[in-house]
Amino acid sequence: MTSIYDDPAVFADESLDGFVAANRQYVDRLDGGVVRSTRSSPGHVAVVIGGGSGHYPAFAGLVGTGLATASACGNTFASPSAGQIYRVAKAADMGGGVLFSYGNYAGDVMHFNQAQVRLRGEGIDARTVRVTDDIASAPPDQRHDRRGVAGDLTVFKVAGAAAEAGKSIDDVERLARKANDRTRSLGVAFGGCTLPGQASPLFSIPAGKMSVGLGIHGEPGIFDLNMPTATDLAELLVSRLLAERPDDAGSAVVPIVNGLGTAKYDELFLLYGKVEKILTAHGLRIVEPECGELVTSLDMPGLSLTLFWPDDELAEYWSAPADTPAYRKSAVDTQARRVAAPHRHAVAHGEPATAEAVRLGHLAAVALRAIGTVVATNEDAWGKLDSVAGDGDHGMGMRRGVDAACAAADAAAGTGVHNILSCAGEAWSERAGGTSGALWGTGLIQVGNAFGNKDTYSAIDVVSAVRAFAAAVTDLGSADVGDKTMVDAIVPFVESLTADLDHGVGLGPSLIGAAAAAKRAADATAALRPRLGRARPLAEKSLGHPDPGAVSFADIVGGLAGIVPSVDVSARGPTGKAPLQSSDVPGPRDRGVTA
Ligand code: ADP
Ligand code: MG
């Protein structure tokens, strides 16, 4: 339970403001995160970490000398947006390249990848090493699909120490990758965590039980056990992790006992003592262990054990000095304060728009407000659905996204549809975070691009626009139909709309039919196992429940189909012209979307 806030919607932002105020000797605030306030080292690699908030000290608390250069900080449990990550990386860049490192979650991957593309486009050598230490989240032969949990620390620490030593980007990347390859974690929880403003936890665990293999966003565990004794718990964690000991591991091991939120330090130390005894009994040599809160999950009662298997080279960087708000090791020279200029987000738009593009821009703003109404009505239901096998934030993320998109569209009122939807899409992606935020944001931007700036519009443009939305989502997310994502609802929507228009059905009824097809397809996802996204590791729990992103898409297009007649996008097309045949419509840009 989180009790201290004015407004849960700005909880993460206000908490980060306070964190910076309390740690000015370490960090400066940027739009989208924090960067070291200490002196920079020209030519060195910048290690840029990040992720959702609610995991303190990950991620902002790990910014400082010998560790991360900067952190992009998203909303609670939601990835930072590509724009935020880009701005933070630009502020961190010292000329030696940028190494991104973060836990492997679909939303983070999308946003960090987009930021990386932007940096590379500007000639900055940006690379990525994702942390994949959570052995509960995928079998060993799919190790690279695993989630990142407390193993973040070993990877960030090694990368940060190598960057501090002036190593090249090739070396920093290689060392970070090697650290990740030699890090394994497993967590347990005794109860769920509660998002700020929510009255009940994301999930609950029956009294006297313990859930094994939970994720740090409240993704439920893989299986439940009767609450064991501390000795049995230590045995369970150590034996599971030893079974996955890397082939090239030596006898040196770094154990990390990590509290997830409300486990007492006394309990963590008690468990650590037992873990160390078991490891020593296996003939292993303990190297500089850690015991405390390193990667948390709001107020989750639980803990994780990480085993890191350093070779000599990794041990050197693991032991190197570091000084950050939350993590200190050996002595570090006090650094002179550096003034980091905050980067402002400037969106330059303003192409001269045609009268019809302005009219369609107005309709787009009306449609966004209608989406806002659908989101407000369904926010709680979508959140509950997402808590079955995800992290429960889908409703909240959609609301943040659509609110920001509406505000951006209002600010751009009077301009063309292209500009209005670009601003709205950027704002959606920026504020919503998470996987669906990246997908909806980029989808809206591409809808705007598809409409462009024309003298006339007709139903053919609506078809091109929905195809552009579908292509944007599949381009960025690489999901196929059947993977149990929003794509499962989008594709039948596009197919139905195109087929009806092709048969001469008016735009209004075609949209209603397409929305019904999307709804049927979204409902049918209940029978599927998720193959992508945060729900993938919890495939069994997801069975019997529809995919949240597919349901929200279907609800939204259902709402939009309902308002079409009232906003004068009549059966004769948005500007009164007869709909064209779909044979005239350009083909899909991506697989999975067929006419
Ligand atoms: P997060 O998973 O980051 O918490 P949300 O909860 O807001 O993001 O959205 C989850 C939804 O995103 C899923 O239900 C699914 O529909 C959609 N999704 C996840 N991964 C993909 C992907 N690769 N392609 C398309 N949609 C995806
Ligand atoms: Mg989610």
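Quick caveat, the model's predicted, so the values are computed rather than measured.

Scoring rules and cut-offs
- Residues numbered from 1 in each chain as written.
- Chains lettered and ligands numbered in written order.
- Predicted model: local features only at pLDDT ≥ 70, side-chain atom pairs only at ≥ 80, totals over all residues.
- Heavy atoms only, no water.
- Helix = DSSP H or I, 4+ residues; strand = E, 2+ residues; numbered from the N terminus.
- Rg over C-alpha atoms; globule rule 2.2 N^0.38 Å.
- Buried < 20%, exposed > 50% of the residue type's maximum accessible area, 1.4 Å probe, protein only.
- Contact = heavy atoms within 4.5 Å.
- Areas by Shrake-Rupley, 256 points an atom, 1.4 Å probe, with all protein chains shown as cover.
- Lys, Arg positive; Asp, Glu negative; His and termini not counted.
- Charge placed at Lys NZ, Arg CZ, Asp CG, Glu CD.
- Donors = N, O, S within 2.8 Å, 3.2 Å for Na, K, Ca; no water.
- Core = buried A, V, L, I, M, F, W, Y, C linked by side-chain atoms within 4.5 Å.
- Expected span 1.5 Å × (residues − 1).
- Domains from an automatic or database assignment.
- Buried area = accessible area lost by both parts, 1.4 Å probe.
- Salt bridge = Lys/Arg side-chain N within 4 Å of Asp/Glu carboxyl O.
- Near = heavy atom within 4 Å.
- Polar contact = N/O pair within 3.5 Å; in protein donor to acceptor, adjacent residues only side chain to side chain.
- Pairing = 2+ DSSP bridges.
- Axes fitted to C-alpha atoms, helices over the stretch in contact; angles between N-to-C directions.

A. How the structure looks around the overall build of the chain. A count of helices and strands for the chain gives 17 helices and 15 strands. A compact globule built from 595 residues should have a C-alpha radius of gyration of about 25 Å, and the chain, at 25 Å, falls within 12% of that. Along the longest, intermediate and shortest principal axes, the C-alpha atoms of the chain span 80 × 55 × 45 Å. Within the chain, buried positions represent 60% of all 595 residues. Of all intrachain contacts in the chain linking residues separated by at least 6 positions in sequence, the fraction that spans at least 24 positions is 74%. As displayed, the chain has an accessible area near 21,700 Å², and 53% of this comes from carbon and sulfur atoms. Within the chain, one finds 52 positive and 68 negative side-chain charges whose respective centroids are separated by 2 Å.

B. Focus on the coordination of the magnesium ion (ligand 2). Within the first shell, the magnesium ion (ligand 2) binds the protein through Asp-386 (OD), Asp-391 (OD) and Asp-393 (OD), at distances of 2.0 to 2.2 Å. Within one chain, the residues serving as donors to the magnesium ion (ligand 2) are arranged as D-x4-D-x1-D. Residue Asp-386 shares its accessibility class with Asp-391, and that shared class is buried.

C. Looking closely at the nonpolar core. With 67 residues, the main nonpolar core has Leu-368, Trp-428, Phe-493 and Phe-553 as its most contacted residues. Mapped by element, the contributors of at least two residues to this core are helix H9 (355–389), helix H10 (394–411), helix H11 (417–432), helix H12 (434–451), helix H13 (459–477), helix H14 (487–502), helix H15 (507–524) and helix H17 (548–563). It is H9 that provides the largest number of residues to this core, a total of 11 residues. Phe-553 has contacts with Trp-440, Phe-469, Ala-489, Ile-490, Phe-493 and Ala-518, leaving out every residue within four places of it along the chain. Ranked by size, the runner-up nonpolar core spans 62 residues in total, among them Ala-68, Leu-153, Leu-202 and Leu-298.

D. Seen up close, H13. With 19 residues, H13 should reach 27 Å at 1.5 Å per residue; the first-to-last C-alpha distance of 27 Å fits that figure. At the exit of H13 stands Ser-478, carrying a positive phi of roughly 55 degrees.

E. Seen up close, the domain arrangement of the chain. Structurally, the chain comprises domain 1 (1–179), domain 2 (186–192 + 206–322) and domain 3 (355–591). A separation of 22 Å is found between the C-alpha centroids of domain 1 and domain 2. On the side of domain 2, 34 residues touch domain 1, which itself brings 35 residues to the contact. Between domain 1 and domain 2, roughly 2,900 Å² of surface is buried when both sides are summed, and carbon and sulfur atoms account for 65% of that area. Counting across the domain 1 and domain 2 interface gives 4 salt bridges. Arg-146 is the partner of Glu-244 in a salt bridge, and the nearest nitrogen-oxygen pair spans 2.8 Å. At the level of secondary structure, the elements contributing two or more residues to the side of domain 1 that touches domain 2 comprise helix H4 (152–164) and helix H5 (169–181).

F. Region of interest: the site of ligand 1. Neighbouring ligand 1 are 20 residues, the closest being Thr-435, Ser-436, Met-486, Asp-547 and Gly-549. Measuring from an oxygen atom of ligand 1, one finds a side-chain N or O atom of Ser-436 at 2.5 Å. Across the complex, the protein chains shield 95% of the 570 Å² of accessible surface that ligand 1 would expose by itself. Every element with two or more residues in the shell around ligand 1 is listed here: H12 and H17. The element contributing the most residues to the shell around ligand 1 is H12, with 4 residues.

G. Expanded view of the sheet that holds strand S4 (residues 70–76). Spatial ordering of the open sheet is given by S1-S2-S4-S3-S5-S6, a layout of 6 strands whose pairing is mixed. The two strands at the open ends of the sheet, each matched to only one other strand, are strand S1 (27–30) and strand S6 (126–131). Recorded for the sheet is a direction-independent mean angle of 20 degrees between the axes of neighbouring strands. Sheet topology note: the strand S3 (residues 46–53)/S4 ladder contains 5 bridges and is parallel. Note that in S4 the partner of Ser-53 across the bridge is Thr-76. Where helix H1 (residues 11–22) meets the sheet, its contacts fall on S1, strand S2 (33–36), S3 and S4, and the angle it forms with S1 comes to roughly 150 degrees.

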